[in-house]
Amino acid sequence: MIDLTSILFDVIFILIQGIIFFLAYYLFKRKVLQPAVVFSFVWFVIIFLRFFFRLTILNELFPLHVTTYLLFFAGTVVFVISSYITQIVYQKTLLWTPIAPINRYIDQVPQLNFRIVLTAIAVIGLPLFIIASYRVFLASNIDNFFVGLRTELSYGDEDIGPVKYLISFSFVVYAINLYSYLNVRSKKNLTLHIISILAVITYAVFSTGRTFFFLILAIYLGISYIQGKRFSLRRNFFLLTVFLVFFTSMGIFYGKGGDSGDTIKDNLYPASQTTAIYLASSLNALDYELNHNFQINYNGQNTLGFFSKVLSVINKENSKTQENKLVKEFVFIPYPTNVYTVYSPYIKDFGFIYVLLMLSLFSIIHTLLFCKALHGKKIRFVIYFTFMLYPLMMSFFQDQYMTLFSTWLQIIFYTEVILFCNKLLYKVRW
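Residues numbered from 1 in each chain as written. Predicted model: local features only at pLDDT ≥ 70, side-chain atom pairs only at ≥ 80, totals over all residues. Heavy atoms only, no water.

Student: Before we move on, could you go through the overall build of the protein chain and cite the residues and values that matter?
Tutor: Along the protein chain, the regular secondary structure elements total 16 helices and two strands. Residue burial in the protein chain is summarised as follows: out of 430 residues, 50% are buried. Within the protein chain, contacts between residues at least 6 apart in sequence are counted, and of these 77% link residues at least 24 apart. Split by element, the accessible area of the protein chain, about 21,300 Å² in all, is 68% carbon and sulfur. (Helix = DSSP H or I, 4+ residues; strand = E, 2+ residues; numbered from the N terminus. Buried < 20%, exposed > 50% of the residue type's maximum accessible area, 1.4 Å probe, protein only. Contact = heavy atoms within 4.5 Å. Areas by Shrake-Rupley, 256 points an atom, 1.4 Å probe, with all protein chains shown as cover.)

Below, the structure is given as structure tokens:
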């Protein structure tokens with residue numbers, strides 16, 4: 001039986017998060033993808049969904065402690081305030097900064113021929129990626145391809161190898177082609193856009209990480225919003241509904257909450273429950289972690305792991321242990337989960353003040369990228385703002401900032417190399 005006191009606390013904090021979201025929404029002049037608006041909205045929706053699921057499909061879900069709710073409240077407030085201050089400072093800086101001369105070679109949309117080459121590289125790399133995925137599947141000794149592949153990639157010793165770097169490359173190419181198509185809606189740009197999105201979806205499917213689909217969604221929403229010509233909340237609400245159905249269906253193929261051999265009716269309940277656990281369980285996992293023999297380690301191994309890995313490579317040490325830390329241990333709340341929200345790794349490393357400081361830093365970075373992208377709509381800042389929407393949207397699930405630091409370096413590398421090559425090609429008029 002559900003405790004009425006815990007239900008009351010749920011309702012109170014839903015209202016609090018809702019108030020923060022609406023304040024942020026109007027404070028930032030109803031810009032729906034302004035980072036503070038997105039962050040407060042995500043947490044409002046997830047806390048509400050957890051409450052809804054607890055009354056329905058996840059009726060055994062443990063209640064949250066008030067201290068955990070206060071942490072979510074403090075994090076949202078810090079994020080919104082930091083974003084507001086950053087935006088005010090940025091706007092004043094624009095008034096003080098003289099207008100720089102225009103360089104027509106900087107931040108131009110990549111030329112069509114160049115984008116064809118980039119798209120071709122992503123497409124040609126697909127067979128190599130699929131072959132590498134099949135090799136990993138064989139090592140799992142599991143009959144179902146996607147279940148075996150996911151199991152081996154998550155818990156086994158096999159790795160896809162160097163072709164895994166094509167994943168981030170394909171995302172950058174998709175972002176560039178989407179930006180180019182929304183900038184000039186021609187048939188050729190549309191064709192490249194369709195090819196690149198099919199390629200990036202294929203990479204995402206064979207990587208077996210459903211969070212990659214959130215990245216695809218983030219890229220689409222971010223670039224569509226910044227381009228702004230035909231951005232519609234109603235149309236994108238429909239898109240989100242389709243995305244949720246697709247996301248749940250992929251869970252069945254991966255063996256998460258269903259069986260591809262069963263009927264749709266047989267898969268409906270377990271797939272729905274798994275999606276509900278996916279969306280809501282991380283809040284309970286963090287609550288469990290903070291209230292069961294919790295200790296701060298003060299060594300930075302959770303959020304500074306990339307730098308530890310670099311040092312281990314320099315010192316010729318085995319870095320496999322560090323890689324496996326990305327997959328956390330399961331807890332039962334009482335449903336099994338191994339994701340702990342964005343808060344967990346920072347608190348475990350250096351405590352509560354550290355996570356609030358890092359959220360403030362992330363808010364500043366997000367807001368600067370948003371302002372620069374919206375102000376000039378230059379492709380560089382649009383791409384960076386768009387990609388950063390992904391860890392922002394996934395903050396309820398797990399940390400995707402520092403734990404994916406190497407991925408962000410890859411994104412920066414590919415983006416800067418492509419823009420630099422494009423600059424040279426503009427000069428020689430390729």
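Student: Tell me about the confidence of the model for the protein chain, and please be specific about residues and values.
Tutor: Atom-level detail of predicted coordinates should not be read off regions where pLDDT is low. Taken over all residues, the pLDDT of the protein chain has a mean of 87, while the share at 70 or more is 88%. At the level of individual helices and strands, the protein chain shows its lowest average pLDDT in helix α12 (residues 320-324), which scores 46, and its highest in helix α2 (residues 35-55), which scores 96. Taken together, the stretch residues 99-106 has pLDDT below 50 and engages in five contacts with residues farther than four places along the chain or on a different chain. Low confidence marks residues 319-324, where pLDDT is under 50. Its contacts with residues over four positions away, or in another chain, come to seven contacts. (pLDDT = per-residue confidence, 0-100.)

Student: Could you give an account of the pattern of salt bridges, naming the residues involved and the relevant values?
Tutor: Under the defined criterion, the tally for this structure stands at five salt bridges. A salt bridge links Arg 54 to Asp 10, with the nearest nitrogen and oxygen atoms 2.9 Å apart. In this pair, Arg 54 is assigned in helix α2 and Asp 10 in helix α1 (residues 4-27), connecting sequence segments 44 residues apart. By relative accessible area, which is 3% here, Arg 54 ends up buried. Look at the salt bridges and you will find they share partners, linking Asp 10, Arg 50 and Arg 54 into a network. (Salt bridge = Lys/Arg side-chain N within 4 Å of Asp/Glu carboxyl O.)

Student: For the packing of aromatic side chains, give the residues involved together with the corresponding values.
Tutor: Applying the stated rule across the entire model yields 33 aromatic pairs. Measuring from ring centre to ring centre gives 5.2 Å for Phe 307 and Phe 405, while their planes differ by 45°; the resulting arrangement is tilted. Here the residue Phe 307 occupies a position in helix α11 (residues 305-314), and Phe 405 occupies one in helix α16 (residues 405-428), the gap between them amounting to 98 residues. Residue classification places Phe 307 among the partly exposed positions, given a relative accessible area of 39%. With a relative accessible area of 24%, Phe 405 lands in the partly exposed category. An aromatic cluster is built from Phe 21, Phe 22, Tyr 25, Tyr 26, Phe 41 and Phe 44, whose rings are joined through pairwise contacts. (Phe/Tyr/Trp six-rings, centres within 6.5 Å; stacked < 30°, edge-to-face > 60°.)

Student: Tell me about unusual backbone geometry, and name the residues and values.
Tutor: Geometrically, the link from Ile 333 to Pro 334 is a cis peptide bond, its omega value of 0° lying close to zero. Summarising the element assignment, Pro 334 is placed in the loop between β1 (331-332) and β2 (336-337). A positive phi angle, near 55°, is found at Lys 29, a position not held by glycine. Tracing the chain through its elements places Lys 29 in the loop between α1 and α2. Despite not being glycine, Tyr 298 shows a phi value in the positive range, around 55°. Position of Tyr 298 relative to the elements: it lies in the loop between α10 (264-290) and α11.

Student: Report on the nonpolar core, specifying residues and quantitative values.
Tutor: If you look at the biggest cluster of nonpolar residues, it comprises 124 residues, and the most contacted ones within it are Trp 43, Phe 72, Ile 219, Tyr 343, Tyr 346 and Phe 387. With near-sequence residues (within four places) excluded, Phe 387 lies in contact with Phe 171, Val 172, Ala 175, Leu 215, Ile 219, Trp 408 and Ile 411. (Core = buried A, V, L, I, M, F, W, Y, C linked by side-chain atoms within 4.5 Å.)

Student: Now, about a nonpolar patch on the surface: what can you tell me, with residues and values included?
Tutor: A cluster of nonpolar residues, Leu 8, Phe 9, Ile 12, Val 66, Leu 70 and Phe 73, forms a patch on the protein surface that exposes about 470 Å² of accessible area. Going through the elements one at a time, α1 and α3 (66-96) are the ones with two or more residues in the nonpolar patch. With respect to the helices and strands, the residue Val 66 is situated in helix α3. (Patch = residues over 30% accessible without salt bridge, like charges linked within 9 Å, V, L, I, M, F, W, Y side chains within 5 Å.)

Student: Kindly report on the packing of helix α6 (residues 165-183) against helix α15 (residues 379-393), identifying the contributing residues and their values.
Tutor: Relative to each other, α6 and α15 sit at 125°, their axes nearing to 11 Å. Classified by the angle between their axes, α6 and α15 sit oblique to one another. Considering the relative orientation of α6 and α15, their crossing is right-handed. Here Phe 171, Val 172, Ala 175, Ile 176 and Tyr 179 of α6 lie close against α15, whose contacting residues are Ile 379, Val 382, Ile 383 and Phe 387. Residues that form the contact of α6 with α15 fall into these classes: nine nonpolar, no polar and no charged. (Axes fitted to C-alpha atoms, helices over the stretch in contact; angles between N-to-C directions. Parallel < 35°, antiparallel > 145°, perpendicular 65-115°, else oblique. Left-handed = near helix turned anticlockwise from the far one by under 90°. Nonpolar A, V, L, I, M, F, W, Y, C, P; charged D, E, K, R; others polar.)

Student: Describe the environment of Gln 295, with residues and values.
Tutor: Among the structural elements, Gln 295 can be located in the loop between α10 and α11. Since its relative accessible area comes to 66%, Gln 295 is described here as exposed.

Student: Describe the environment of Leu 94, and please don't skip the residues or the numbers.
Tutor: Relative to the assigned elements, Leu 94 resides in helix α3. Judged by its relative accessible area of 35%, Leu 94 is partly exposed. Distance in space between the C-alpha atoms of Leu 94 and His 375 is 9.9 Å, their sequence separation being 281 residues.

Student: Please give an account of helix α14 (residues 352-376) that cites residues and values.
Tutor: With 25 residues, α14 extends 37 Å between its outermost C-alpha atoms, agreeing within 8% with the 36 Å of an ideal straight helix rising 1.5 Å per residue. Lys 377 occupies a position one or two residues after α14 and carries a positive phi of about 55°. (Expected span 1.5 Å × (residues − 1).)

Student: For the packing of helix α4 (residues 112-140) against helix α5 (residues 145-155), give the residues involved together with the corresponding values.
Tutor: Where α4 contacts α5, the two axes come as close as 8 Å, and the packing angle between them is 85°. Classified by the angle between their axes, α4 and α5 sit roughly perpendicular to one another. Across the interface between the two elements, Ser 133, Tyr 134, Val 136, Phe 137, Ala 139 and Ser 140 of α4 pack against Phe 145, Gly 148, Leu 149, Glu 152 and Leu 153 of α5. In terms of residue class, the contact of α4 with α5 is built from seven nonpolar, three polar and one charged.

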